[in-house]
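Below, each chain spelled out in residue letters.
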Amino acid sequence: WYRSHRVQSRKLRGPARLEFLRDGVATWLDTLPSITYAAIEDGSFGSEGRLFQLGGVQHIIQLELWKRVEGAVIEPAPLQLKKFQTGKPGALKEWMIEAANDFIKSVDIPPAGDPMLYSSPWPHRVIKDDNIADAIGLARIAHALYTEEVTTRAEAEVVVALQNSNRIHEVP
């Protein structure tokens, strides 16, 4: 799906491309089980490039999430994501990747069939893409806000900062 749609979306421009992307995001989200909290990284105003155009895509994703979540859409700032994941707000991409790999190797999930046995579902998985590392961090932030479970001071500081901000958009 992703590859064929990526080629097709490159041919479209302006509102037609945004509509195409919205429909693709909506279709994908509809395949997921219920979503309680979702996190999407806020734009980085220090980034160069087409931030304005990316903002349109980000808002489409936020809107489609908003229609489907039961709890809230969370918009952590890039510095909050970095601090939560690595303990350092100015973390490099490589540090984010390393932290994501450390996390996935430490996760204990009961395997299907025997809830008394726990093991990482990804024992040999290695994250190499910084976007996937960011996605893991965003999922962890959403989980921490939902469960109020944190393991480090940096995680707790980010959760408290988000709870006291306008970055959590509760669904009415």
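Everything quoted here is computed from the prediction, not taken from an experiment. (Residues numbered from 1 in each chain as written. Predicted model: local features only at pLDDT ≥ 70, side-chain atom pairs only at ≥ 80, totals over all residues. Heavy atoms only, no water.)

S.K.: Would you mind showing me how to read the overall build of the protein chain here?
M.R.: Of the regular secondary structure elements, the protein chain holds seven helices and three strands. Ordering the α and β elements of the protein chain from the N terminus gives α-α-β-α-β-α-α-α-α-β. The 172 residues of the protein chain split such that 33% are buried. By sequence separation, contacts in the protein chain at least 24 residues apart represent 62% of the contacts at least 6 residues apart. Entry remark: accessible area of the protein chain is about 11,400 Å², with carbon and sulfur atoms responsible for 57%. (Helix = DSSP H or I, 4+ residues; strand = E, 2+ residues; numbered from the N terminus. Buried < 20%, exposed > 50% of the residue type's maximum accessible area, 1.4 Å probe, protein only. Contact = heavy atoms within 4.5 Å. Areas by Shrake-Rupley, 256 points an atom, 1.4 Å probe, with all protein chains shown as cover.)

S.K.: Would you mind going over the packing of helix α4 (residues 78-86) against helix α7 (residues 153-163) with me for this structure?
M.R.: For any two helices packed against each other, one specifies the inter-axial angle together with the distance between the axes. Contact geometry of α4 with α7 gives a least axis separation of 7 Å together with a crossing angle of 150°. One way to sum up the angle between α4 and α7 is to call them roughly antiparallel. Judged by the sense of rotation from one axis to the other, the crossing of α4 with α7 is left-handed. Between α4 and α7, the residues in contact are Gln80, Lys83 and Phe84 and Ala154, Glu155, Glu157, Val158, Val159, Ala161 and Leu162, respectively. (Axes fitted to C-alpha atoms, helices over the stretch in contact; angles between N-to-C directions. Parallel < 35°, antiparallel > 145°, perpendicular 65-115°, else oblique. Left-handed = near helix turned anticlockwise from the far one by under 90°.)

S.K.: In this structure, what is going on with the packing of helix α5 (residues 93-106) against helix α6 (residues 130-147)? I would like to understand it.
M.R.: At their nearest, the axes of α5 and α6 sit 8 Å apart, and the two run at 55° to each other. If you check the angle between α5 and α6, you find them oblique. For the pair α5 and α6, the sense of crossing is left-handed. Within the contact between the two elements, α5 uses Lys93, Met96, Ile97, Ala100, Phe103 and Ile104 and α6 uses Asp130, Ala133, Asp134, Ile136 and Arg140. Class assignment of the residues belonging to the contact of α5 with α6 gives a composition of seven nonpolar, no polar and four charged. (Nonpolar A, V, L, I, M, F, W, Y, C, P; charged D, E, K, R; others polar.)

S.K.: What is the right way to read the nonpolar core from this model?
M.R.: Nonpolar side chains tend to gather and get buried jointly when the protein is soluble and globular. In terms of nonpolar packing, the biggest core is built from 21 residues, with Ile74, Phe84, Ala133, Ile141, Leu145, Leu162 and Ile168 touching the most fellow members. Contributing elements (two or more residues each) for this core: β2 (69-74), α4, α5, α6 and α7. Apart from residues lying up to four places away in sequence, leucine 145 is in contact with Ile74, Val159, Leu162, Gln163 and Ile168. Core analysis: the second largest hydrophobic core is formed by eight residues, Leu29, Ile35, Leu65 and Val73 among them. (Core = buried A, V, L, I, M, F, W, Y, C linked by side-chain atoms within 4.5 Å.)

S.K.: I'm lost on α7 in this one. Help?
M.R.: The α-helix winds at 3.6 residues per turn, so residues separated by three or four positions along the chain end up facing the same way. Within α7 the residues assigned to the buried category are Ala154, Glu155, Val158, Val159 and Leu162. For α7, the arc enclosing every buried residue in end-on projection is 135°, short of the 170-degree limit, so these residues lie on one face. (Arc of directions from axis to C-beta.)

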